[in-house]
Amino acid sequence: MFNDVLAHKTAANLTELRNKKPLIHNITNFVVMNFTANALLAFGASPVMAHAPEEVEEMVSFAGALVLNMGTLTEPWVEAMLMAGKKANELGIPIVLDPVGAGATVFRTATAMKLTESLSISVIRGNASEVLSLAGEDSQTKGVDAVHGVDEAEGAAIALSQELGATLAITGAVDLVTDGNRVLRIFNGHEQMGNVTGTGCVATALTGAFLAVDGDSLEATATSLAAYGLAGEEAAVDSKGPGSFHPALLDALYHLDSDKLINKIKIKD
Amino acid sequence: MFNDVLAHKTAANLTELRNKKPLIHNITNFVVMNFTANALLAFGASPVMAHAPEEVEEMVSFAGALVLNMGTLTEPWVEAMLMAGKKANELGIPIVLDPVGAGATVFRTATAMKLTESLSISVIRGNASEVLSLAGEDSQTKGVDAVHGVDEAEGAAIALSQELGATLAITGAVDLVTDGNRVLRIFNGHEQMGNVTGTGCVATALTGAFLAVDGDSLEATATSLAAYGLAGEEAAVDSKGPGSFHPALLDALYHLDSDKLINKIKIKD
Amino acid sequence: MFNDVLAHKTAANLTELRNKKPLIHNITNFVVMNFTANALLAFGASPVMAHAPEEVEEMVSFAGALVLNMGTLTEPWVEAMLMAGKKANELGIPIVLDPVGAGATVFRTATAMKLTESLSISVIRGNASEVLSLAGEDSQTKGVDAVHGVDEAEGAAIALSQELGATLAITGAVDLVTDGNRVLRIFNGHEQMGNVTGTGCVATALTGAFLAVDGDSLEATATSLAAYGLAGEEAAVDSKGPGSFHPALLDALYHLDSDKLINKIKIKD
């Protein structure tokens, strides 16, 4: 029923990540920086946050992946993203983009467009509203929260994927990942993730971690989202609400291992 | 002994908040952004943090309330606050101001003055030292911590409330809320809240959430502070120190319900 | 075996800190601001974060110590550090520097050099790679993580200490602190601290707290690192992974007392 090959690949990716401990360069928002760094550490990567024009090109050159996140955006940060992104493209370092709040304001939507036009991006991960707005559809985003379901955005994701040559991931109750041809769905996850700020941003960062060890963007994305979703399921068992869910999620990421992944990953072709 | 009508109103406001899930636009400090977003989510609101001049006017126009917080302040953030605030005033969206560190430096005090003079603000929530300094009294603020008790600032709060046409809230062991005529005191709360950074900032943000659903600024403020204080009491039972108190407080906010509020809210006229 | 005098001094410093509750002015990075503020509060200090050129000189003049941290650095923050640092020097307020990521990029290394040349700094705390890079040795820093062991950097720390007239602290499995003559080693600590972002930054901030009450930089540094390490040991007992370790560490800092410190502090001459 679920794809067993991809369950094994999830385990292999995690093992590789923990062996290599690649540097993941994040240019991300103020709200989630701490959570993101801790999640990357717990997963097995080596996070760094750096946005100064003086150093982003140098920093990204040591990285296994570059994570661009549009939350709490201002113009100087967009410039830093473009500088780091161009260097990453030059060096063949994969980029993952989180278009936080695309569709909510003209500035966010325009920035997402500028980034996707100026850079070759491996993976874009957003909620359904953000993906619809990137596809130019008349969507709505309430601040940074989706008002559309994942399935509503499937067509837009496939079209956008083909247009941009990127893997598109829409996260929600069931996550959808597509490279324009293949469509994978991930059934791991827990609704409590929707009650904690930054869980989407962390999904994007962890995707960056797997991109650093898996050259297949589609599978790197699907396996990272599935592993993360499984951690969410385990965290829900160990917590009483969204507050205690947060540390429990980091604990669960840290305690992921091959056995759990092989047996509990739920990805469908 | 305690005001039963306001206990019921607290419950009604929470129910309304969770039904409407209004967007709360925060321009707040770096230290508390994550805590604030998570507290607003746990309470039932939809938080967004945005401070770019390119988008603050557009973002606030979708919001149920605007929260302005002066921690980690710089001049560009003051400009963003003024832009968002003027648009909020134009659209009749309530503003709540947290004058973090007013009285500690000339820059903070002057900024608080500029914001209160340039904008029509519904609620100002601070500690006693901050409120005294806003009233032009020769108060002291040690960094961002109060060195005065709530009762010392009652007169200043009433005078300031009348002068600015705003509700003034002073939080401390017992919280005081006044619209210049009526004075309410809130007896919910727990001393552990003083050992966690940003609990005051979160009080301000949650007041923004209730302002989005309750047109009476005085009662919106008193009921939000009381609900938050009750969550603090419950968190103290479930925690071992200020570290575990933080997630427990978010859990407790999430698990607030009408029954608890009606029975345990302690507001006095 | 362990230095009993320094164990007693650790207890005395903590008692003094909690009696005086000095303001600690931090100009630090976005990732760790919340954690740092909460750790300082739990330890017994009064933290403030402020970086605006309009107020840093005034704010630092009320402080017991100034903490400069180079994470998520940009040029305007360097300027703020220099302004605050010069005022601190003028007023005899001790400065502790955390050269986060020195060695990782030219910008970070150059900034660390500029700060140490322009300011009289009491204590520099970094990991082995950062300290080696400050000493001009051809070290490597992977983002913000060390790739060298503490002992490899002992010679560099002693030489740098003599050159700068500063106490140098290298944290790792065993921490090393030197004023160029005396070398102290701290055996408190727990490996889980390496799995949580910002634990190094917090070590620096807590050192600032003890510098505010202990005029002997070497001993203030060694005792703060030992007390913090002991809190880490206790947190490890109460946690299941790096996520729950974070709140447990704050709880443990809060519950440190003279008895524990006198009996469990492990500093060697």
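Along each chain, residues carry numbers from 1 onward, in the same order as the chain's sequence is written. Chains carry letters and ligands carry numbers; both start at the beginning, A for chains and 1 for ligands, and go up in the order they are written. Selection of residues for local features in this predicted model requires a pLDDT of at least 70, selection of side-chain atom pairs for listing and counting requires 80 or more, and totals for whole chains, interfaces and linings are taken over all residues.

Asks: Can you walk me through the confidence of the model for chain A in this structure?
Replies: Interpreting fine coordinate detail is not advised for predicted regions of low pLDDT. pLDDT runs from 0 to 100 and stands for how confident the predictor is about each residue. When pLDDT is averaged along chain A, the result is 96, and 99% of the positions lie at 70 or above. Model confidence for the complex is summarised by a pTM of 0.97, with the ipTM given as 0.96.

Asks: What's the story with the interface of chain C and chain B in this structure? I'm lost.
Replies: A common measure of how large an interface is: the accessible area buried when the components associate. What counts as a contact here is a pair of residues whose C-beta atoms, placed from the backbone, lie within 7 Å. Of the residues lining the interface, 27 residues belong to chain C; the matching set on chain B comes to 28 residues. Every helix listed is a DSSP run of H or I at least four residues long, and every strand listed is a run of E at least two residues long, numbered separately from the N terminus. With 7 residues, the top contributor of residues to the side of chain C that touches chain B is helix H10 (residues 242–255) of chain C. Classification used: nonpolar for Ala, Val, Leu, Ile, Met, Phe, Trp, Tyr, Cys and Pro, charged for Asp, Glu, Lys and Arg, polar for all others including Gly. For the side of chain C that touches chain B, the class distribution of residues is 18 nonpolar, 5 polar and 4 charged.

Asks: Explain the relation of the copies chain C and chain B to me, please; I cannot follow it from the model alone.
Replies: Two copies of one chain are present, and they are related through a rotation about an axis combined with an axial shift. Superposition of the copies was done by least squares, using only C-alpha atoms of residues whose pLDDT is at least 70 in both. When chain C is fitted to chain B, the best match, at an RMSD of 0.0 Å, comes from turning it 120° and sliding it 0.0 Å along the axis. The superposition of one copy onto the other is thereby described by a three-fold rotation axis. Across chain C, the rotation axis passes nearest the C-alpha of Phe30(C), at a separation of 3.8 Å. When the interface residues of chain C are mapped onto chain B, a mere 11% of them again lie at the interface, so each copy presents a different face.

Asks: Explain the sheet that holds strand E8 (residues 167–170) of chain A here, please?
Replies: Residues and elements named next belong to chain A. Overall, mixed pairing links the 9 strands, which are arranged E2-E1-E3-E4-E5-E8-E9-E10-E11 in an open sheet. With partners counted over all chains shown, the strands left at the sheet margins are strand E2 (46–49) and strand E11 (267–268), one partner each. Pairing of strand E1 (residues 23–27) with strand E3 (residues 65–69), which is carried by 4 bridges, proceeds in the parallel orientation. In the strand pairing of E3, His 25 is matched with Leu 66. Running at roughly 160° to E2, helix H2 (residues 33–43) makes contact with E1 and E2 of the sheet. By this definition, two strands are paired if DSSP reports at least two bridges between them. Geometry is summarised by axes, namely lines fitted to C-alpha atoms with helices restricted to the contacting stretch, and by angles between N-to-C directions that run from 0 to 180 degrees.

Asks: What should I look at first to understand the relation of the copies chain B and chain A in this one?
Replies: When chain B is fitted to chain A, the best match, at an RMSD of 0.0 Å, comes from turning it 120° and sliding it 0.0 Å along the axis. Of the interface residues in chain B, just 11% have counterparts in chain A that sit at the interface too, so the contact is made through distinct surfaces.

Asks: Please explain the pairing of strand E10 (residues 183–186) of chain C as it appears in this structure.
Replies: Within a regular strand, side chains alternate between the sheet's two faces. Residues and elements named next belong to chain C. With 4 bridges connecting them, strand E9 (residues 175–178) and E10 associate as antiparallel partners. For Val 177, the partnering residue across the bridge sits in E10 and is Leu 184. Between E9 and the antiparallel strand that follows it, E10, lie 4 residues; Gly 180 among them carries a positive phi value of about 100°. Sheet analysis places E10 next to strand E11 (residues 267–268), joined by 2 bridges and oriented antiparallel. Across the sheet, Ile 186 pairs through a bridge with Ile 267, a residue of E11.

Asks: Can you help me understand the sheet that holds strand E5 (residues 123–126) of chain B in this one?
Replies: Within a sheet, neighbouring strands are paired by backbone hydrogen bonds and run either parallel or antiparallel to one another. Residue and element names in this part refer to chain B. On the basis of which strands lie adjacent, the open sheet formed by 9 strands has the order E2-E1-E3-E4-E5-E8-E9-E10-E11 and mixed pairing. Only two strands of the sheet have a single neighbouring strand rather than two, namely strand E2 (46–49) and strand E11 (267–268). Running at roughly 10° to strand E10 (residues 183–186), helix H9 (residues 217–237) makes contact with E5, strand E8 (167–170), strand E9 (175–178), E10 and E11 of the sheet.

Asks: What should I look at first to understand helix H10 (residues 242–254) of chain A in this one?
Replies: The periodicity of an α-helix, 3.6 residues per turn, causes residues three or four positions apart to be oriented the same way. Helix span, expected: 1.5 Å multiplied by one less than the number of residues in the helix. Between its first and last C-alpha, H10(A) extends 19 Å over 13 residues, near the 18 Å set by a 1.5 Å rise per residue. By the criterion of burial, H10(A) is predominantly enclosed, with 13 of the 13 residues buried. Remark: C-beta atoms are placed from the backbone, and a residue is labelled buried if 20 or more other C-beta atoms sit within 10 Å of its own, exposed if 12 or fewer do, or partly exposed between those counts.

Asks: Is there a simple way to explain the environment of Ala146(C) in this structure?
Replies: Residues and elements named next belong to chain C. Topologically, Ala 146 is positioned in strand E7 (residues 145–146). Residue classification places Ala 146 among the buried residues on the basis of 25 C-beta atoms within 10 Å. In this structure, the C-alpha to C-alpha distance between Ala 146 and Asn 127, residues 19 residues apart in sequence, is 5.9 Å.

Asks: Sorry if this is basic, but what is going on with the nonpolar core here?
Replies: Note on soluble globular proteins: their nonpolar side chains tend to be buried together. Counting residues in hydrophobic clusters, the biggest one holds 316 residues, and the most contacted among them are Ala209(A), Ala209(B) and Ala209(C). In this view, Ala209(B) contacts Leu17(B), Ile24(B), Leu40(B), Phe43(B), Ala45(B), Ala65(B) and Ser224(B); residues no more than four positions away in its chain are not counted. Defined on buried residues, the nonpolar core groups Ala, Val, Leu, Ile, Met, Phe, Trp, Tyr and Cys residues joined through C-beta atoms within 7 Å.

Asks: Please clarify how the interface of chain B and chain A should be interpreted in this entry.
Replies: Contact with chain B, which involves 27 residues of that partner, is made by 28 residues of chain A. Elements supplying a minimum of two residues to the side of chain B that touches chain A: helix H2 (33–43), E2, helix H3 (56–60) and helix H10 (242–254) of chain B. For the side of chain B that touches chain A, the class distribution of residues is 18 nonpolar, 5 polar and 4 charged.

Asks: What is the right way to look at unusual backbone geometry in this model?
Replies: With glycine set apart, most residues show a phi of negative sign, and most peptide bonds adopt trans. Despite not being glycine, Lys21(B) has its phi angle at roughly 45°, a positive value. Owing to 17 C-beta atoms within 10 Å, Lys21(B) belongs among the partly exposed residues under this scheme.

Asks: How should the packing of H2(A) against H10(A) be read in this particular structure?
Replies: Any two packed helices are characterised by the angle at which their axes cross and by the distance between the axes. All names here are of chain A. Where H2 meets H10, the axes come as close as 7 Å, and the angle between the chain directions of the two elements is 25°. Classified by the angle between their axes, H2 and H10 sit roughly parallel to one another. In this structure, the crossing between H2 and H10 has a hand that is right-handed. Residues Asn 38, Ala 39, Ala 42 and Phe 43 of H2 form the contact with H10, whose participating residues are Leu 250, Leu 253 and Tyr 254. Looking at the contact of H2 with H10 residue by residue, the classes come out as 6 nonpolar, 1 polar and no charged. Working rule for angles: under 35 degrees goes down as roughly parallel, over 145 as roughly antiparallel, 65 to 115 as roughly perpendicular, anything else as oblique. Put simply, a crossing is left-handed when the front helix is turned counterclockwise from the back one by less than a right angle, and right-handed when it is turned clockwise.

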